[in-house]
Amino acid sequence: FATRCVSECTAAVESAEAKAQKVVDSAKAGGADKLQKELSIPALQALKAFADEALLGIAEAKSAIARAQEQHESYKGARNLLLESRVELTKLASRCATADRK
């Protein structure tokens, strides 16, 4: 149970981070003024759409982590057995927050 939850959340976070990193890399080419001067309106709209997709991926990853954490909280067995996976889920939530800030 714990391993499955962590692996699913890890996959979601890694996918969201990859999308966010692509947006950050494409936007690092210059500041907002430079991007407006060098890119056409359709290119800027495509960049915005890709950024929106990355934000959606981050939101989905956060949701998956929240669901997994709720499942861990409602677990009726020995809770200390799930300590490691709860720590991993907390780390993944932190990675999502970092990707969101980027």
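Remember, predicted model here, so these are calculated numbers, not experimental data. (Residues numbered from 1 in each chain as written. Predicted model: local features only at pLDDT ≥ 70, side-chain atom pairs only at ≥ 80, totals over all residues. Heavy atoms only, no water.)

Describe in detail the pattern of salt bridges, supporting the description with residues and values.
Evaluated as defined, the whole model comprises six salt bridges. The partner of Arg 95 in a salt bridge is Glu 17, and the shortest N-O contact between them spans 2.6 Å. Separated by 78 residues along the polypeptide, Arg 95 in helix H4 (residues 83–101) and Glu 17 in helix H1 (residues 2–27) bring together distant segments of the chain. In this structure, Lys 19 and Glu 53 form a salt bridge, with 3.6 Å as the shortest nitrogen-oxygen distance. Taken together, the positions of Lys 19 in helix H1 and Glu 53 in helix H3 (residues 41–73) put the pair 34 residues apart, joining distant regions of the chain. Assessed through its relative accessible area of 38%, Glu 53 is described here as partly exposed. (Salt bridge = Lys/Arg side-chain N within 4 Å of Asp/Glu carboxyl O. Helix = DSSP H or I, 4+ residues; strand = E, 2+ residues; numbered from the N terminus. Buried < 20%, exposed > 50% of the residue type's maximum accessible area, 1.4 Å probe, protein only.)

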